[in-house]
Amino acid sequence: MRLRDKICVVTGGASGIGRAISRKFAAEGAHGVVADLDGTGAETVAREVAGVAMPTDVRDEAAVRALILRVEREVGPIDLVCNNAGIAIAGGPEVPTAGWQRMWEINVMSHVWTADAALPAMLARGAGYFVNVASAAGLITQVGSAPYAVTKHAAVAFAEWLTMTYGERGIRVSCVCPLGVRTPMLHCIGGDKLTALLSPDAIEPEEVALAIVAGIEREEFLVLPHPKVREFVRRKWDDNERWLKGMRRLNAEYGPGAVP
């Protein structure tokens, strides 16, 4: 799929990876809709890319559905939805239920709600695209954050289900699984040692956006801005017990309670 003249919605588009995606989509000739809880930030990016800003809280199912309907009504038929909005918090089962629920709504259910709202029109046209930004944590796991690991695994699973179910009806899906990216989220999980571990291989948001556009052009399901993630996944499933032992050692050194 080529992005020229396509109507694309990007959630979490006001900053970080979402801002880079919005800019790259515009450079490819797409008509962008920048959706974000930060309305001012969304307006800023929308002006920059000659797009439209639509302040949206993706935790709110009604707001997500209203976003899709508004774009269809005011901008035109949606060609692509990029579910990029996401958050990270540290901790395990002790994280309050409200924290788990917030992660679940933003990292997973917003993908479900945009799909449910956008799919009927896409299926009627026989074409549509979802780019769901998950994480390498959804393929491997995440030291220091159970909610992040769990919700990103769920995001990958939902993307797989979408392409399995609707791929033969013209719906394309790309699931994006980066490792470290130089955004504030890099510092949200774990301590200084874990951030230092991820930082050498961390890439800029613009590199993620480039990988996404390349994946869309190839209509590729799994988009890995960090190629080494493919090797990590292979090792995980080639010898799962060995991999788990290694992850326990990694957690002991860099996880909760590790000495800076």
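Look a little higher up for the structure.
A brief report on the enclosed structure follows. (Residues numbered from 1 in each chain as written. Predicted model: local features only at pLDDT ≥ 70, side-chain atom pairs only at ≥ 80, totals over all residues. Heavy atoms only, no water.)

1. Thoughts on the pattern of salt bridges
- Scanning the entire structure with this criterion turns up 15 salt bridges.
- In this structure, glutamate 220 and arginine 218 form a salt bridge, with 3.1 Å as the shortest nitrogen-oxygen distance.
- A relative accessible area of 54% places arginine 218 in the exposed class.
- The network of salt bridges with common partners includes Glu231, Arg234, Arg235 and Asp238. (Salt bridge = Lys/Arg side-chain N within 4 Å of Asp/Glu carboxyl O. Buried < 20%, exposed > 50% of the residue type's maximum accessible area, 1.4 Å probe, protein only.)

2. Examining the side chain of asparagine 84
- If you trace the backbone, asparagine 84 turns up in the loop between strand S4 (80-83) and helix H4 (97-125).
- Separated by 3.1 Å, the side chain of asparagine 84 and the backbone oxygen of glycine 12 make a polar contact.
- Among residues more than four places away in sequence, those in contact with asparagine 84 are Val10, Thr11, Gly12, Ile17, Gly18, Ile21 and Val133. (Helix = DSSP H or I, 4+ residues; strand = E, 2+ residues; numbered from the N terminus. Polar contact = N/O pair within 3.5 Å; in protein donor to acceptor, adjacent residues only side chain to side chain. Contact = heavy atoms within 4.5 Å.)

3. Here we look at the packing of helix H1 (residues 16-27) against helix H7 (residues 205-218)
- The contact between H1 and H7 brings their axes to 8 Å, and the two run at 50°. By the angle between their axes, H1 is oblique relative to H7. Like other packed secondary-structure pairs, H1 and H7 cross with a definite hand, here right-handed. Judged by residue contacts, Gly16, Ile17, Ala20, Ile21, Arg23, Lys24 and Phe25 of H1 engage Pro205, Glu206, Val208, Ala209, Leu210, Ile212, Val213 and Ile216 from H7.
- In terms of residue class, the contact of H1 with H7 is built from 11 nonpolar, 1 polar and 3 charged. (Axes fitted to C-alpha atoms, helices over the stretch in contact; angles between N-to-C directions. Parallel < 35°, antiparallel > 145°, perpendicular 65-115°, else oblique. Left-handed = near helix turned anticlockwise from the far one by under 90°. Nonpolar A, V, L, I, M, F, W, Y, C, P; charged D, E, K, R; others polar.)

4. Side note on unusual backbone geometry
- Although it is not a glycine, aspartate 5 adopts a positive phi angle of roughly 70°.
- Note on placement: aspartate 5 falls in the segment before strand S1 (7-11).
- The backbone phi angle of glutamate 219 is positive, close to 50°, even though this residue is not glycine.
- Tracing the backbone shows glutamate 219 in the loop between H7 and strand S7 (222-223).
- Take glutamate 219: its relative accessible area is 39%, and that puts it in the partly exposed class.

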